[in-house]
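# Architecture and fold: a report
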Amino acid sequence: MRLRHVGSSHDMMREHPLVIKELAEYEKDITRIFGNDKPVHVEFGSGYGGYFSSMAKKHKENNYLAFEWNSKVIVRGMKLLDDEIEELDNFRFVHSDAGKAIDLFEQHSLDRIYLNFSDPWPKKKHAKRRLTYHTFLRKYEKLLKEGGELHFKTDNDDLFQFSLEELQYNGWNMKLVTRDLHSSEFSKDNIMTEYEKKFSERGKNINKLIATK
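Description of the structure in this document. (Residues numbered from 1 in each chain as written. Predicted model: local features only at pLDDT ≥ 70, side-chain atom pairs only at ≥ 80, totals over all residues. Heavy atoms only, no water.)

This part covers helix H3 (residues 71–80). Residues of H3 that are buried: Ser71, Val73, Ile74, Val75, Gly77 and Met78. On the buried face of H3, the contacting elements are helix H1 (9–14), strand E2 (63–68) and strand E3 (91–95). The residue sitting at the N-terminus of H3 and contributing the capping side-chain oxygen is Asn70; that oxygen lies 3.0 Å from the backbone nitrogen of Lys72. (Buried < 20%, exposed > 50% of the residue type's maximum accessible area, 1.4 Å probe, protein only. Helix = DSSP H or I, 4+ residues; strand = E, 2+ residues; numbered from the N terminus. Contact = heavy atoms within 4.5 Å. Polar contact = N/O pair within 3.5 Å; in protein donor to acceptor, adjacent residues only side chain to side chain.)

Shown next as structure tokens:
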């Protein structure tokens, strides 16, 4: 569904406490925004932030950075979370995409990276845009600490198979692989994203993997 025009998205983001405003202030250490040394988890393509804000409320022992390139989507997410600001001291939106994120962190500073329902870019000629393409995997490897994890969920079976092959070919180890998350033993700890709820209600299987380098 097309988002309704929300006015000056950048102005609205600049005034909101859940959005990191001036990325340049943090140079290559954006994790300083939280003022503590808790583990940092990042989601690329966070949408409205529902999944990561839920994670942040459930796991106060971690910090959560939700990356989203679409400013209007962030503004909608801000509005949805307005009543929970005080509870979300360990959550922030970041207006940026995965391709630029490597420049915002020190190397090996992240504990987890999440990719949830990323654009599958189904045409072969667009494969390099997929967030599990090997050029992105090399960036994630630089961002993650030793033993850090990449969590990937998708309803797209072809993208999941592609991602498995890319990860294994590039030397990543699989800690978890399931092609039907909601019927597996791992479903009890699962928090659903907005897309996940929609696809599950239609009876679509959800694929998930956790990989380490």
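Within a sheet, adjacent strands bond to each other through the backbone by hydrogen bonds, running parallel or antiparallel. In spatial order, the strands read E3-E2-E1-E4-E5-E7-E6; together these seven strands make up an open sheet with mixed pairing. Two strands in the sheet have a free side with no partner beyond their single neighbour: E3 and strand E6 (173–178). Going from strand to strand, the sheet's axes swing by 15° on average, the running direction of each strand aside. As judged from the five bridges shared by E6 and strand E7 (residues 207–212), these two strands associate in the antiparallel manner. (Pairing = 2+ DSSP bridges. Axes fitted to C-alpha atoms, helices over the stretch in contact; angles between N-to-C directions.)

It is worth spelling out the layout of surface pockets at this point. Size it by volume and the largest pocket reaches roughly 1,100 Å³. Residue contributions to the lining of the largest pocket peak at three residues, all from helix H7 (residues 194–201). A class-by-class count of the residues in the lining of the largest pocket yields 14 nonpolar, nine polar and 10 charged. There is about 390 Å³ of room inside the second largest pocket. Along the walls of the second largest pocket sit 22 residues, with Arg112, His151, Asp189, Lys208 and Ile210 positioned nearest its centre. Those elements giving two or more residues to the lining of the second largest pocket turn out to be helix H2 (50–58), strand E4 (110–116), strand E5 (144–154) and E7. Classifying every residue of the lining of the second largest pocket by side-chain character gives nine nonpolar, five polar and eight charged. (1 Å grid on protein atoms, 1.4 Å probe; cavity = no way out; pocket = protein on both sides within 12 Å on 5 of 7 lines; lining within 4 Å. Points joined across faces, edges and corners; volume = space filled by probe spheres on them. Nonpolar A, V, L, I, M, F, W, Y, C, P; charged D, E, K, R; others polar.)

Turning to the environment of Glu87, a few remarks are in order. Checked against the element boundaries, Glu87 lands in the loop between H3 and E3. Overall, Glu87 belongs to the partly exposed group, its relative accessible area being 42%. Linking Glu87 and Lys60, residues 27 residues apart in sequence, is a C-alpha distance of 9.5 Å. Contacts of Glu87, omitting those with residues within four sequence positions, involve Lys57 and Lys60.

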